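Breakdown of the fold
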Amino acid sequence: MIDLRSDTVTKPDQAMREAARDAEVGDDVYGEDPTVNELESRVADVLGFEDALLVPSGTMGNQVAVRTHTERGQETILERESHVYKWELGGVAQHSGVQARPVDGDDRGVVSPEQVRGAYVEADGHRAGTGLLALENTHNSKGGTAIAPEAIDAAAEVAHERDVPVHLDGARLFNAAAALDVPAERLAREVDSATVCLSKGLGAPVGSVLAGSEAFVERARRHRKLMGGGMRQAGILAAPGLRALENRDRLGADHERARRLAAGLDAVSGLSAPEPETNIVVAETDDPAEEVVAACEHEGVGCVAFGDYRVRFCTHWDVDDDDIDAALSGVERAVE
Ligand SMILES: Cc1ncc(COP(=O)(O)O)c(CN[C@H](C(=O)O)[C@H](C)O)c1O
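Residues numbered from 1 in each chain as written. Predicted model: local features only at pLDDT ≥ 70, side-chain atom pairs only at ≥ 80, totals over all residues. Heavy atoms only, no water.

Some remarks on the overall build of the chain
From N to C terminus, the chain includes 14 helices and 13 strands. The principal-axis extent of the C-alpha atoms belonging to the chain is close to 60 × 50 × 35 Å. The chain carries 34 positive and 62 negative side-chain charges, and their two centres are separated by 4 Å. (Helix = DSSP H or I, 4+ residues; strand = E, 2+ residues; numbered from the N terminus. Lys, Arg positive; Asp, Glu negative; His and termini not counted. Charge placed at Lys NZ, Arg CZ, Asp CG, Glu CD.)

Here it is as structure tokens:
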């Protein structure tokens, strides 16, 4: 099957497997795994933060960030279609006792300064107040949109004027950086913490990294442990992660293939697919999405329903040009 369901399906290459095999390891709960320490330091540098923390998943990175930034009862402002709100099992409530305050970003998932201002709640005798603003870049549900640094900065400025910290779910931050041709550090410059996923388009088998100030990461390390994320010889995971980090420069190839895939899908009767900004293609379907997904699977193409009449296809490093051609033929057969 040509698996376009997600870029989470990427598999480690031989170099990553050998790096894992040969990794120098230690007990990371004691801070003694040299490979984990190297990865954390490297990601902190790349994102322009003081420190960083390896976590098993992007979800844990986001949830540790929420738990570290907030107090119980507070609210977190987030975009209604964001991953933190929509796909993390109510984690902000379950892990942190935090209330979600969703706002409807624009069609690209951008949360405006006015929306932050309007959703902000000052603590008083009856309310715990706003404890966090959570943003996402690229924005998955809106089609992998690469949000400009100025938009992130503007929302963060309003939060900071009210002493509210900002977390950036940067699961695909390097995709945004590649699409906008700006350093990832610039996209994270005005936020207080950011997660990046090594296990998506970058191809690592496991792992995300949560970056922030030294004081933030010290507290986040405790919350990671609280959630059971304290790992031992995790250099086995950090070594392929370090290799994955070097794949940032190849993400443009995924974006180019996504553009070709979208153009081909758009030409199929019963589908319409706008030009993507990164590696995520979302097609509007005449037939129910679930039917289209099942038909595509039958023709050897993996994709996922992204709404009643929306289907998502993700390009990634295990998908080459021939796969795109084959996928287009398969989808054409599926929906004809
Ligand atoms: C923006 C963003 N932030 C966080 C995560 C969570 O990462 P993991 O927990 O899967 O490592 C994801 C995964 N997204 C997955 C996907 O797109 O297939 C599913 C929906 O969970 C994400 O898209």
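Now that the structure has been shown, we can carry on.
Comments concerning the site of the ligand
In the neighbourhood of the ligand, 15 residues make up the surrounding shell, with S6, T59, D169, R172 and R312 lying closest. Here an oxygen atom of the ligand and a backbone polar atom of G58 are 2.9 Å apart. One nitrogen or oxygen atom from the side chain of R172 is found 2.8 Å from an oxygen atom belonging to the ligand. Protein chains bury 82% of the 510 Å² of accessible surface belonging to the ligand in isolation. Taking a 2 Å distance to the grid points as the criterion, the majority of the atoms of the ligand fall inside the largest pocket. It is helix α3 (residues 58–69) that contributes the most residues to the shell around the ligand, 3 residues altogether. (Near = heavy atom within 4 Å. Polar contact = N/O pair within 3.5 Å; in protein donor to acceptor, adjacent residues only side chain to side chain. Areas by Shrake-Rupley, 256 points an atom, 1.4 Å probe, with all protein chains shown as cover. 1 Å grid on protein atoms, 1.4 Å probe; cavity = no way out; pocket = protein on both sides within 12 Å on 5 of 7 lines; lining within 4 Å. Sits in = over half its atoms within 2 Å of the grid points.)

Notes on the UniProt feature "modified residue: N6-(pyridoxal phosphate)lysine" (unreviewed entry) in the chain
Taken from the UniProt record, the annotation "modified residue: N6-(pyridoxal phosphate)lysine" (unreviewed entry) applies to K200. Within the secondary structure layout, K200 lies in the loop between β7 (193–197) and β8 (208–212). For K200, a relative accessible area of 14% corresponds to the buried category. Non-local contacts of K200, meaning those with residues more than four positions away in its chain, are made with D7, T8, T10, A171 and R172. (UniProt positions renumbered as here; feature names shortened; annotations may be inferred. Buried < 20%, exposed > 50% of the residue type's maximum accessible area, 1.4 Å probe, protein only. Contact = heavy atoms within 4.5 Å.)

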